[in-house]
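Structure at a glance
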Amino acid sequence: MKSLNSKQPLKSLRIFSLEGIQMKTFHITWLTFFFCFFGWFGLAPLMPAIRADLGLTKPQVGNTIIAAVSATIFARMLIGRLCDTIGPRKTYTGLLIFGSIPVMCVGFAHDYVTFLLFRLAIGIIGASFVITQFHTSAMFAPKIKGTVNAVAGGWGNLGGGITQLAMPVLMAAIVGLGYTKSEAWRMAMVVPGVMLLIMAFFYYKFTKDTPAGNYDEIKRERDLLPKVSFKEAAGDMRIWALALAYAGCFGMEITFDGVAALYFFDNFKLSETQAGFWAMLFGFMNIFARALGGIVADKVGGKYGLKGKGLLLAGLLTLEGFGIVLFASAGQLTFAIISMLTFAMFLKMSNGATYSIVPFINKKAVGLVSGIVGAGGNFGGMLMGFLFKSQSITYSEAFLYIGMGVALIGMALSLIKFEKEEVEEQETVLQVA
């Protein structure tokens, strides 16, 4: 086994190690993505207070949910290309600095239109996922890319769950100091904005683009790589199949992150903190479920190749869809929690399985492929958002339609053939040290 100080991608993941630029980058990138969720979805658990403060209607709330994910669609494709050209280190640093501005300033919104515009601007932070997946793919060997991408993505996505409880608690603490709820939710959003700036410093200071160094330092070698155009990469049907799959799993995840607190608040008559707690459990599944999807996918890939990974993903999506249908029919809180955790398991495993395939579709344009597939997830979330803004469709009915749609995507995906570009081992090496 090569030393962790090697300038080559690591062949094992030592999750408790900070030795070597590969492991430092791994931990910094997932932690950065974790805090990005606080900026991206920090408003979601505060929506009961924001809705009352700004007098928002159901369609207006739905529009803010759509805005939260729609800007990310374009941002992810752009960010993917920037990762390929200027490198993930500069790309992430710039995104964090730029994204912190609307997060800290959203408190200046005092009507629906300005709040909607801020929510749209905040959505660009969601592009951070593409950089996370690109960077971990560069730091680790092919046989564990699925595992590493899933662990980093899952631990980062965990922020989407923790923020569901952390932000209401922070708002309550500010109210306890004598401020009104109207003032408190605005002041609370300054905190994630500041965290983004802090992580921008750490990312620029302590990571590198590749194990061998930053792009500026290895420019000569990088320039020898063949250029891949967007048209050439996007002509591969497998990319769009994965984008559709990601629309069904990650699209549902960010949709649920956006509406879960409101759903529990309204349907089960809970307090904001109680609703935030149950919504947090959904995101908390990321601590292991997405990683499990990547680990299982790598094991399946080692025996059956990308074809096996594709069939695994199709099965997980189908089970996710059935689980969402059960959740939609839950009339009691206990059954709602059980069914939520069930579909969350398959959803997050699907996330991990999707990005165990992505790095092998076009190895000359990993950033671009990651961006397109990631954008597919947000496009799915945007479409789902339209269901939640409808006056004629209840939230339960919206979940029912989504569950049926995800199950159909899973069954259709089983028809797609995911051949390898070249023969490579797909064994999983997961070490804890």
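Below: a short report on this structure. (Residues numbered from 1 in each chain as written. Predicted model: local features only at pLDDT ≥ 70, side-chain atom pairs only at ≥ 80, totals over all residues. Heavy atoms only, no water.)

1. Section: the packing of helix H6 (residues 128–139) against helix H16 (residues 366–389)
At a minimum axis distance of 9 Å, the contact between H6 and H16 shows a crossing angle of 145°. Our pair here, H6 against H16, has a crossing hand that is right-handed. Between H6 and H16, the contacting residues are Val130, Phe134 and Ser137 on the first element and Val366, Gly367, Ser370 and Gly371 on the second. When its residues are assigned to classes, the contact of H6 with H16 shows three nonpolar, four polar and no charged. (Axes fitted to C-alpha atoms, helices over the stretch in contact; angles between N-to-C directions. Helix = DSSP H or I, 4+ residues; strand = E, 2+ residues; numbered from the N terminus. Left-handed = near helix turned anticlockwise from the far one by under 90°. Contact = heavy atoms within 4.5 Å. Nonpolar A, V, L, I, M, F, W, Y, C, P; charged D, E, K, R; others polar.)

2. Focus: the nonpolar core
Side chains of a nonpolar character, in soluble globular proteins, are inclined to be buried together. Membership of the largest hydrophobic core comes to 141 residues, with the highest contact counts inside it found for Phe26, Phe256, Phe264 and Phe399. A total of 15 residues in this core trace back to one element, the largest contributor, which is helix H12 (residues 237–267). Those residues in contact with phenylalanine 26 that sit more than four places away from it in its chain are Leu13, Thr136, Phe140, Val148, Val151, Ala152 and Trp155. (Core = buried A, V, L, I, M, F, W, Y, C linked by side-chain atoms within 4.5 Å. Buried < 20%, exposed > 50% of the residue type's maximum accessible area, 1.4 Å probe, protein only.)

3. Description of the environment of aspartate 257
Position of aspartate 257 relative to the elements: it lies in helix H12. Along the chain, aspartate 257 and methionine 280 lie 23 residues apart, while their C-alpha atoms are 8.7 Å from each other. For aspartate 257, the residues in contact, after removing those within four places along its chain, are Phe37, Phe41, Ala44, Gly160, Gln164 and Phe282.

4. Quick look at the packing of aromatic side chains
On inspection of all chains with the given rule, the structure shows 36 aromatic pairs. Note on phenylalanine 33 and phenylalanine 129: the rings are 5.7 Å apart at their centroids and 45° apart in plane angle, and the pair reads as tilted. Residue phenylalanine 33 is located in helix H1 (residues 20–41), and its partner phenylalanine 129 is located in helix H6; the two are separated by 96 residues in the primary sequence. A relative accessible area of 0% means that phenylalanine 33 is categorised as buried. When the ring of phenylalanine 256 is compared with that of phenylalanine 282, the centres are 4.5 Å apart and the planes differ by 45°; the resulting orientation is tilted. With phenylalanine 256 in helix H12 and phenylalanine 282 in helix H13 (residues 272–284), the pair connects residues that are 26 residues apart, well separated along the chain. Like phenylalanine 282, phenylalanine 256 is buried. The ring of tyrosine 204 is capped by arginine 89, whose NZ or CZ atom sits 3.9 Å from the centre of that ring. Against the face of phenylalanine 282 rests lysine 348, its NZ or CZ located 3.9 Å from the ring centre. (Phe/Tyr/Trp six-rings, centres within 6.5 Å; stacked < 30°, edge-to-face > 60°. Lys NZ or Arg CZ within 6 Å of the ring centre and 35° of its normal.)

5. Things to note about the pattern of salt bridges
Throughout the structure, instances matching the rule amount to eight salt bridges. When the shortest N-O distance is used, the salt bridge between aspartate 216 and lysine 90 registers 2.8 Å. You can see aspartate 216 sitting in the loop between helix H9 (190–206) and helix H10 (219–223) and its partner lysine 90 sitting in helix H4 (residues 88–105), a full 126 residues away along the chain. The class for aspartate 216 is exposed, based on a relative accessible area of 52%. Its relative accessible area of 35% is what places lysine 90 among the partly exposed residues. Among the salt bridges present, the one from arginine 238 reaches aspartate 236, with a minimum N-O distance of 2.7 Å. (Salt bridge = Lys/Arg side-chain N within 4 Å of Asp/Glu carboxyl O.)

6. A closer look at H12
By the largest-angle criterion, valine 259 marks the main kink of H12, which is about 45°. Counting buried residues in H12 gives 25 out of 31 residues, a clear majority hidden from the surface. (Bend = angle between axes of the 7 residues up to and from the residue.)

7. Let's talk about the layout of surface pockets
Computed from the structure, the second largest pocket encloses a volume of approximately 290 Å³. Leu244, Ala247, Gly376, Phe379 and Gly380 are, among the 19 residues lining the second largest pocket, the residues nearest its centre. Counting residues per element, the ones that place at least two in the lining of the second largest pocket are helix H3 (58–85), H12, H16 and helix H17 (395–413). Here the residues of the lining of the second largest pocket are counted per class, giving 15 nonpolar, four polar and no charged. (1 Å grid on protein atoms, 1.4 Å probe; cavity = no way out; pocket = protein on both sides within 12 Å on 5 of 7 lines; lining within 4 Å. Points joined across faces, edges and corners; volume = space filled by probe spheres on them.)

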